[in-house]
Amino acid sequence: MKNYDYKKIEQKWQKRWEDSGIYKISENSFVGLGYVRPKYYLLDMFPYPSGDGLHMGHTESYTSTDVLYRYKKMKGFNVLHLQGFDSFGLPAENYAIKTGVHPKETTRKNMETYIRQMKSLGFGYDFENKVVTSSPEYYHWTQWIFTKFFEAGLVYKKTDRINWCDSCKTGLANEQVEDGRCERCKSEVIQKNIPGWFFKITDFSEELINDLKDLDWPEHTKKNQINWIGKSDGAEIKFKILSLRLKSEISKIEVFTTRPDTLFGVTYCVLAPEHKIIEELKDSIENWKEVNEYLEKTKRKSEMERIEGKEKTGIELKGIKAINPANKEEVPLFIADYVLAHYGTGAIMAVPAHDERDFEFAEKFTLSKICVINPHSYMGTLPGDSLLDATEKTKKNLEKIQKGEVVYVYDGVLINSGKFDGMSSDEAKKAITEFVGGKITKKYRLRDWSISRQRYWGAPIPIVYSPSGEAYTVPKEHLPWLLPEDVDFIPTGTSPLIKSKELKERTEKIFGKGWTSEVDTMDTFVCSSWYYLRYPDPKNEKEFCSKEKLKQWLPVDLYIGGAEHTYMHLLYARFITKAMKKIGLLDFSEPFLKLRHQGMVLDKDGVKMSKSKGNVVNPDDVVGRFGADAVRLYIMFAGPLEDDVIWNENGVVGLSRFLEKVWKLQFLLSIDIKEPNDLKIEKITHKTIKKVGEDLENLKFNTAISQMMILVNVMEKESGLNIKNYKLLILMLAPLAPHITEELWDILGNNQSIHLSEWPKYDESLAKDDKINFVIQINGKVRDVIEVDVDINENKARGLAEKSENIKKLIEGKEIKKAIFVRGRLLNIII
RNA sequence: GCCGCGGUGAUGAAAUUGGUAAACAUGCGCGACUCAAAAUCGCGUGGGAGCAAUCCCCUGAGAGUUCGAGUCUCUCUCGCGGCACCA
């Protein structure tokens, strides 16, 4: 074969790999070799098998892991790198509603497409060991984990206001609401009071924050998780409620505050409209009619309207007062929807002088403000202020703060606070809390994970109810608790399973007459929260994964996937791991030791690809036109993995040319081994092995490729390329371009697949430059560059510098004040 | 508003982590081959001055630290991502 025919080559090898099963995971590689070779668990975020097929984002991240998989294997690691499908979910169900095709069928077809596409890109997955979340063999164990959580009290049922998408006709977790809209269909989310199951993720809030510090994850991902969990240190303080009519204490409310040091500045208190105590206070509230109207009005508002209408609303509860425990003062009590029922205690003490929201509310309802914090260290400077200005401004700002004209939300020194005057905020937080008998505590904004979905295509929640309505888990011997097939998909807001005759009969047959089954299915995020525990043992029918295999493979060494999963999938998966550890199913508490995100693949104008914009690039199309190897190389070369990649076909040309050059080098091979340029080529080859190895370890695919380009350019230009160095190049390129390298390897007379070869070792003495360009600077400016031995010392360098014509001219007659010598780099002469 | 990330040629980017800014690639220009075109190969390609050797300026703006700053510090600015009435 003379020409590089990528089509032929790629098809040929894809078929041979398939036939020989070189990517198959044998029982051996699961267990036996693990003790000899170090393990490496490499994980992709598995795809949802959508009807659109693989997209370019998948192409990028799966290429990166495929490169690493091949590289690590060549380096002698026993690598676990499997693929699966997150195959439960709404699109297949919605498609079924439209067309009547069962989701099972749609899913099967889509998975086939995905697998075909992944193979066409040359990915070395063993698809016989794929994990499919919608298969009974898999959701068996999703359900089993649920039952274990149930036994351990980590899951519970409650009727609560939850996020509800009226278009998808299902409840949503807090994490699945974006901007008040459904994460999937973007329609507005409303609040609905319905029963549902919850995972106690909040039990792990503290751990979920603390354990992040030992993980090799991108900083911003950690920060986002910490933010999402939203820890606040503060105090709970009780306020007595006084009835003016009865002139006596009728109840108490507890407020949560992060600023107990401002307690003396409280001028009113606020309850969330949903606060339970309101009902209890009803008889003492003189303006109940108006209050009730307000409550009704807020109930009708969606969460979004409440947030959007930033204008504060509320109503005072006439006839009752709250008593500030610090100074026994009576302050008015309000209901206002800027206070959220589900955070803290659903009640706050308002300090308008030191809290922006309270300030705004107080302005609107003309309530008084008391300044209790003196900003001792607050300069109040604005950028560009001169110092004099600043002092003036500080004075003015201070006055304004003290008169309550502006809010001051930072720490300071206490004033107007009785015996606490003069204390710092920090000290006062503790002292005042103690003084009023409050309790120092922490609150989190994280809410328990609502997992009930009123839809069909998901894992059935394995719960049955006795005739009296008591919930029991489906016993192990009846798992998997199969998803019935005799259902109508049309969503009505109650789960389609309710109409299944088969499920009804099955339940009664097993548990007895009058028993009913839970009809909701689980959030698909539950399924995707543990799949990485299944990969080591995908066909185990007795356990979710054997103890030995868990021990051998987990935790995951490197996880690569999109950043959009920061606080959904990644948080849930961490929670599931911790919960499973707590009940003794696992002996590690973090699933993913190292995490990296790939960027987005954008169109040539840098615009996000979307169907509606019609700018979607299809992997099939580009693989057809450029070949898998060129596509793989381009997408790795275009920039750092974590940056966005612009898909520019002009750019792919460069990589095709590169492969063409690599191909043509086979015809330049010198018969005579001892050519004069031999050493030159050999040296740069070894330098390249070193650099490419380091770059691949650090996921710097782009610079690894450019180094190989440099090597190829030298091999092409200098005569005397020998087969030894050419082989080294092919080996290095093998993880990135598996097809062309396999073909060349074969042409060069090797019988075994290049992908079973060892990664080449470099010779340190060859990889090292012996001559370098040494820079001579005068006063920090480059004035000459000379070629010298790498290990040149200062004296020699100075000697050479003084001999340089350029330098001589410039230093003539000047006094050299000093010279800075940097080994192997430069000499800087200061005159 | 808060948190995080970023701004380098025409373009994608690189820069040994404080040491020659722009490697590698695309594009563009000129040339070779060709009847011609494509492909391929060669040379050039940050801006400015000069016939030239060479010199000056240049990493969003401004300051600072340093012999030396794309890299560190501060201020500002623009862009992106996330959170957002969480007390």
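Analysis parameters
Residues numbered from 1 in each chain as written. Chains lettered and ligands numbered in written order. Predicted model: local features only at pLDDT ≥ 70, side-chain atom pairs only at ≥ 80, totals over all residues. Heavy atoms only, no water. Helix = DSSP H or I, 4+ residues; strand = E, 2+ residues; numbered from the N terminus. Areas by Shrake-Rupley, 256 points an atom, 1.4 Å probe, with all protein chains shown as cover. Lys, Arg positive; Asp, Glu negative; His and termini not counted. Charge placed at Lys NZ, Arg CZ, Asp CG, Glu CD. Buried < 20%, exposed > 50% of the residue type's maximum accessible area, 1.4 Å probe, protein only. Polar contact = N/O pair within 3.5 Å; in protein donor to acceptor, adjacent residues only side chain to side chain. Contact = heavy atoms within 4.5 Å. Pairing = 2+ DSSP bridges. Axes fitted to C-alpha atoms, helices over the stretch in contact; angles between N-to-C directions. Salt bridge = Lys/Arg side-chain N within 4 Å of Asp/Glu carboxyl O. pLDDT = per-residue confidence, 0-100. Phe/Tyr/Trp six-rings, centres within 6.5 Å; stacked < 30°, edge-to-face > 60°. Lys NZ or Arg CZ within 6 Å of the ring centre and 35° of its normal. Near = heavy atom within 4 Å. Nonpolar A, V, L, I, M, F, W, Y, C, P; charged D, E, K, R; others polar.

Student: Explain the overall build of chain A here, please?
Tutor: Check the secondary structure of chain A and you find 28 helices and 32 strands. Here the C-alpha coordinates of chain A stretch approximately 110 × 95 × 50 Å along the principal axes. Here chain A displays about 38100 Å² of accessible surface, and carbon together with sulfur accounts for 51% of that area. Computed over 124 positive and 123 negative side-chain charges, the inter-centroid distance for chain A is 1 Å.

Student: Can you walk me through the side chain of His81 in this structure?
Tutor: The topology assignment puts His81 in the loop between strand S2 (78-80) and strand S3 (84-85). The exposure class assigned to His81 is buried, which follows from its relative accessible area of 2%. Only 2.7 Å separates the side chain of His81 from the side chain of Asp44, close enough to count as a polar contact. A polar contact of 3.2 Å, which involves the side chain of His81, links it to the side chain of Thr65. When sequence neighbours within four positions are dropped, the list of residues in contact with His81 reads Leu42, Asp44, Thr65, Asp66, Tyr69 and Tyr125.

Student: What's the story with the sheet that holds strand S25 (residues 558-560) in this structure? I'm lost.
Tutor: Sheet strands associate in pairs through backbone hydrogen bonding, adopting either a parallel or an antiparallel arrangement. With parallel pairing, four strands are arranged side by side in an open sheet as S2-S1-S25-S26. The outermost strands of the open sheet, each flanked by one partner alone, are S2 and strand S26 (595-596). With three bridges connecting them, strand S1 (residues 39-44) and S25 associate as parallel partners. Looking at S25, one finds that Leu43 is bridged to Tyr559.

Student: So what exactly am I meant to see when it comes to the sheet that holds strand S31 (residues 818-822) here?
Tutor: The mixed open sheet is built from four strands, whose spatial order is S30-S29-S32-S31. Looking at strand neighbours, the two that pair on one side only are strand S30 (781-789) and S31, the edges of this open sheet. In this sheet, adjacent strand axes meet at a mean angle of 20° when their direction is disregarded. Pairing analysis gives five bridges linking S31 to strand S32 (residues 826-830), with the strands arranged antiparallel. Counterpart to Lys818 in the pairing with S32 is Ile830.

Student: Is there a simple way to think about the pairing of strand S10 (residues 231-243) in this case?
Tutor: Each regular strand shows side chains that alternate between the opposite faces of the sheet. In terms of strand pairing, S10 meets strand S18 (residues 439-444) through six bridges, oriented antiparallel. Considered in S18, the bridge of Lys231 is made with Tyr444. In this structure, S10 lies alongside strand S11 (residues 248-257), joined through nine bridges in antiparallel fashion. Across the sheet, Ile241 pairs through a bridge with Ser251, a residue of S11. The hairpin turn running from S10 into S11, its antiparallel successor, is four residues long, and Lys247 in that turn takes a positive phi close to 55°. In this structure, S10 lies alongside strand S13 (residues 315-323), joined through four bridges in antiparallel fashion. Counted as the bridge partner of Lys240 is Ile323 from S13.

Student: Help me understand the pattern of salt bridges, please; the structure alone is not making it clear to me.
Tutor: Any two side chains of opposite charge can pair, given that their charged atoms come close. Counted according to the given criterion, the structure contains 45 salt bridges. For the salt bridge of Arg632 with Asp66, the shortest nitrogen-to-oxygen distance reads 2.8 Å. Taken together, the positions of Arg632 in helix H20 (residues 628-637) and Asp66 in helix H3 (residues 56-74) put the pair 566 residues apart, joining distant regions of the chain. For Arg632, a relative accessible area of 0% corresponds to the buried category. Overall, the relative accessible area of 0% leaves Asp66 in the buried class.

Student: Before we go on, may I ask you to explain the confidence of the model for chain A in this structure?
Tutor: Close reading of the predicted structure is inappropriate where its pLDDT is low. In this model, chain A carries an average pLDDT of 88, and 94% of its residues clear a pLDDT of 70 or more. Summarising per-element confidence for chain A, the mean pLDDT is lowest in helix H2 (residues 27-30) (49) and highest in helix H6 (residues 136-151) (97). Residue range residues 30-34 is modelled with pLDDT below 50. Its contacts to residues more than four positions away, or to other chains, number 14 contacts. In this model residues 378-391 is a low-confidence stretch, pLDDT under 50, and it forms ten contacts with partners more than four residues away in sequence or in other chains. Reported confidence for the predicted complex is 0.94 by ipTM and 0.91 by pTM.

Student: Can you walk me through the packing of aromatic side chains in this structure?
Tutor: The description of an aromatic ring pair uses the distance of the two centres, along with the angle that the planes make with each other. Following the criterion strictly, the structure yields 50 aromatic pairs and no others. An aromatic cluster of at least three residues, connected via ring pairs, comprises Phe146, Phe149, Phe150, Trp197, Phe199, Phe204, Trp449, Phe525, Tyr572 and Phe575. The positively charged end of Lys158 is found above the aromatic ring belonging to Phe198, 4.6 Å away from the centroid.

Student: It is not clear to me how the protein's contact with RNA strand B should be interpreted in this structure. Could you clarify?
Tutor: In the region of RNA strand B, 51 residues are neighbours, and Thr258, Lys312, Tyr343, Arg357 and Tyr567 sit closest. A per-element tally of the surface near RNA strand B places helix H23 (residues 701-717) first, with seven residues. For the surface near RNA strand B, the per-class residue count stands at 21 nonpolar, 16 polar and 14 charged.

Student: Can you help me understand the environment of Lys369 in this one?
Tutor: By the secondary structure assignment, Lys369 is in the loop between helix H12 (356-364) and strand S16 (373-374). For Lys369, a relative accessible area of 24% gives the class partly exposed. C-alpha of Lys369 to C-alpha of Thr262: the two residues are 107 residues apart in sequence and 12 Å apart in space. A distance of 2.5 Å separates the side chain of Lys369 from the side chain of Glu363, its partner in a polar contact.

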